[in-house]
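Tertiary structure, described
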Amino acid sequence: MSNKQSRRVTLMEVANHAGVSRATASLVARNSTKISNDTKEKVLQSMKELGYVYDRIAANLRSQTSTTIGIIITDVANTFFSELLLGVHQELEKFGYTVFLGTTFDSVDNQVKLISTMLEHRVGGIILCPVSSTSTETIERVQNIDIPMVVAVRELPFIETNYVGLNYTRGAKKATSYLLEKGHTRIAFLGGRSESSTWHERIEGFYQAHQDAGINVDSSLIIDSSPTREGGIEAVQAIIKHSNRPTAIFCFSDMIAFGVIIGLRKAGITPGEDIEIVGFDNVPETEIVYPPLTTVSSFPQQMGAEAANLLHKKMTTDTNEKERIILQPELVKRDE
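A brief look at the structure comes next. Every value quoted in this text rests on a predicted model; they were computed, and no experiment measured them. (Residues numbered from 1 in each chain as written. Predicted model: local features only at pLDDT ≥ 70, side-chain atom pairs only at ≥ 80, totals over all residues. Heavy atoms only, no water.)

**Digging into the sheet that holds strand β9 (residues 276-278)**
The pairing of strands in a sheet comes from backbone hydrogen bonds and takes either a parallel or an antiparallel form. Taken in spatial order, the four strands make up an open sheet running β7-β6-β8-β9, and their pairing is parallel. Of all strands in the sheet, those with a lone pairing partner are β7 (222-223) and β9, marking the two edges. Sheet topology places strand β6 (residues 187-190) next to strand β8 (residues 248-251); four bridges connect them, and they run parallel. The residue of β8 that forms the bridge with F189 is F250. Sheet strands touched by helix α8 (residues 168-181): β6, β8 and β9. Its angle to β8, the strand with the most contacts, is close to 170 degrees. Helix α10 (residues 229-240) rests against β6, β7 and β8 of the sheet, and its axis sits at about 150 degrees to β6. (Pairing = 2+ DSSP bridges. Helix = DSSP H or I, 4+ residues; strand = E, 2+ residues; numbered from the N terminus. Contact = heavy atoms within 4.5 Å. Axes fitted to C-alpha atoms, helices over the stretch in contact; angles between N-to-C directions.)

This is how it looks when you write it as structure tokens:
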């Protein structure tokens, strides 16, 4: 006889077996009076045949009135996330929620630990800004115990989730086209983790703009790095050693751009004159840095507010339908 523990049957499997929605199966499991007797009997029969055991403790994480929300970000020092958190807090306070904050520093291990801690503290829902290499198992773990989750900023392409983000491809195309229209034909793309969805969406826009202008991309001018000021410094150090330097740089983010500006000055190169720079996010510091930074606005406060409202909606309704909210970017031109 095998000692191997059998896998727990999920509510989604019951719903599929009975030919109903997951929300209907959930209502039956909670003995709701909203379901007709025929449908109830059909779902109960599927539960019996599949050996489904209702995990009431896990279900209570959602059904109980919880005033605590977990939010996980990658870097609390990044102003983008500070702005996003402001949007989250302003909306959740309207509903009387308290925010439980965790920072991963783009570490998968840290993310797993934070999610476990939040589940142990029985948060009512989670807003997750995932690390670059998040696995589908991480998201499925939360979904399987029936806690609402909204993924923000970075999309996870291999699993269906509630998601709030930006049209990063359009934003990168706007920024790159702006540089091309100013006569730049050698443009570098610096920063960001190449394994993240947001990097791939930005690089797609970067290539689209070049294609529309009939100009080839020099792949040696594309350098990824950590999405930090230090990452920007490291990336631009490689660029300034290039035998044929670019005349302009599109930066993955404003944080990268700040590092690029520092790196150029250390090398005796004047940002904005010798090499033009465009950022991405439009964090508050872009107006006061010198030279003022032309950038793409990703509306982090609005993104946070949208994520908070979507999570509240998922916590207070029985719908299991996944929703995507995509904000549209705007190019903010400065110091022309």
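**What to know about the pattern of salt bridges**
Under the counting rule described, the total for this entry stands at nine salt bridges. Note that K313 and E323 form a salt bridge whose closest N and O atoms lie 2.7 Å from each other. Linking K313 in helix α12 (residues 300-316) with E323 in the loop between α12 and β11 (324-327), this pair joins segments that are ten residues apart in sequence. By relative accessible area, K313 is classed as partly exposed at 36%. (Salt bridge = Lys/Arg side-chain N within 4 Å of Asp/Glu carboxyl O. Buried < 20%, exposed > 50% of the residue type's maximum accessible area, 1.4 Å probe, protein only.)

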